[in-house]
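# Structural features, examined
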Amino acid sequence: MLVILKRDDEESSRQAAQLIASAVRKKPTLTLGLATGVTMLGVYKHLVRLHKEGSLDFSRVVTFNLDEYLGLSPSHPQSFHHFMRENFFAHVNMASQNIHIPDGTIRGNYDEYCAGYEEAIRKAGGIDVQLLGIGRNGHIGFNEPTSSIGSRTRLKVLSQETLDDNSKSFTPGDQSPRCAITMGIGTILEARKILLLATGTAKAAAVAKSIEGPITSAVSASALQLHPEVTFIIDDAAASQLTQRDYYHRVLEMTALLTPERLS
Ligand code: GLP
């Protein structure tokens, strides 16, 4: 696990975008797992900038989003489809057939639909780089506390903490979705590389538990400790409850000297 400590949200998202950009340049047919949320806005902004500057081609990149709210159509302004279109896909040269986001409008046979999503990931050769945010309760995707570490893409009931967080972005009075379709923790752990970005004090406790706490289904992101190639990019505020910050800084200095490609 590599912990990259950055000063603020701007520096963190720039670093995450840089790592994704170099992965795309190394492998133009990269399969990229994507995330939504406020934390990701800066990452997409920088990726769009690099594309517009002419140095980043997404034409052969394949993407799989982590999750979508159940009951929201792709055109709903709070859907993750809408988020991805507005903040990323509309501004880069992705081929529409290469974009995959769980369908929030499915009804009935959820298991069959979710198995199909997993199959599509497999057919694409698996996810090369998975981008993740983290919820205040330590969730990744919508894998709420107590999600099985081996879980696969499925229908998931959202926790009260997540409902409270989500309600801020829905119109007051409107009920925000109670469920979502999300990749499982087991699905996420199969990605070849994982990049988790966390910024702001609200994430500090979840970040500390995920990196320095025990592996437990009570904190879904702690399962990332099982993965051999995880990079956390964390700003000062989100890193404030980590106890080993000096060590992470030393590791970073040595990484820059010995294996600089891991940071660019
Ligand atoms: C939602 C998404 C997660 C994301 C989290 C954090 O719950 N399902 O994938 O990591 O929000 O969002 P934000 O970056 O807005 O704090």
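Structure: see above.
Analysis parameters
- Residues numbered from 1 in each chain as written.
- Predicted model: local features only at pLDDT ≥ 70, side-chain atom pairs only at ≥ 80, totals over all residues.
- Heavy atoms only, no water.
- Axes fitted to C-alpha atoms, helices over the stretch in contact; angles between N-to-C directions.
- Helix = DSSP H or I, 4+ residues; strand = E, 2+ residues; numbered from the N terminus.
- Parallel < 35°, antiparallel > 145°, perpendicular 65-115°, else oblique.
- Contact = heavy atoms within 4.5 Å.
- Nonpolar A, V, L, I, M, F, W, Y, C, P; charged D, E, K, R; others polar.
- Near = heavy atom within 4 Å.
- Polar contact = N/O pair within 3.5 Å; in protein donor to acceptor, adjacent residues only side chain to side chain.
- Areas by Shrake-Rupley, 256 points an atom, 1.4 Å probe, with all protein chains shown as cover.
- Pairing = 2+ DSSP bridges.
- Core = buried A, V, L, I, M, F, W, Y, C linked by side-chain atoms within 4.5 Å.
- Buried < 20%, exposed > 50% of the residue type's maximum accessible area, 1.4 Å probe, protein only.
- Phe/Tyr/Trp six-rings, centres within 6.5 Å; stacked < 30°, edge-to-face > 60°.

### Regarding the packing of helix 2 (residues 41–52) against helix 3 (residues 80–87)
Direction vectors running N to C along helix 2 and helix 3 enclose 40°, while the axes themselves pass 10 Å from each other. Classified by the angle between their axes, helix 2 and helix 3 sit oblique to one another. Listed contacts from helix 3 to L41, Y44 and V48 of helix 2 are F83, M84 and N87. For the contact of helix 2 with helix 3, the class distribution of residues is 5 nonpolar, 1 polar and no charged.

### A word on the site of the ligand
Contacts to the ligand come from T36, G37, V38, T39, D67, G133, I134, H139, G141, F142 and K203. At 3.2 Å from an oxygen atom of the ligand is found a main-chain nitrogen or oxygen belonging to I134. Taking K203, its side chain carries an N or O atom lying 2.6 Å from an oxygen atom of the ligand. For the ligand, whose unbound accessible area comes to 390 Å², protein coverage reaches 85%.

### A closer look at the sheet that holds strand 8 (residues 179–182)
Taken in spatial order, the 3 strands make up an open sheet running 4-8-7, and their pairing is antiparallel. The open sheet has two edge strands, strand 4 (67–69) and strand 7 (154–157), and neither has a second partner. Neighbouring strand axes in the sheet, compared pairwise and without regard to direction, differ in orientation by 30° on average. Looking at chain direction, strand 4 and strand 8 are connected through 3 bridges and run antiparallel. Paired with E68 across the strands is I181, a residue of strand 8.

### Some thoughts on the nonpolar core
If you look at the biggest cluster of nonpolar residues, it comprises 66 residues, and the most contacted ones within it are L47, F88, L224 and I234. In contact with L224, not counting residues within four places along its chain, are L132, I140, I188, L189, I194, L196, V230 and F232. Core analysis: the next-biggest nonpolar cluster, separate from the first, contains 8 residues, L72, F80, F142 and L158 among them.

### Quick word on the environment of G135
Tracing the backbone through its elements, the reader meets G135 in the loop between strand 6 (129–132) and strand 7. Residue classification places G135 among the buried residues on the basis of a relative accessible area of 8%. Residues G135 and A191 lie 56 residues apart in sequence; the distance between their C-alpha atoms is 20 Å. In this structure G135 touches K203 and A206, once residues within four positions along its chain are discounted.

### Points about the packing of aromatic side chains
What the rule picks out here adds up to 10 aromatic pairs. When the centroid spacing of 5.5 Å and the interplanar angle of 40° are considered together, the rings of Y69 and F142 count as tilted. With Y69 in strand 4 and F142 in the loop between strand 6 and strand 7, the pair connects residues that are 73 residues apart, well separated along the chain. For the pair shown, Y69 and F142 are each scored as buried. Grouping aromatic residues by their ring pairs yields a cluster made of Y44, F58, F83, F88 and F89.

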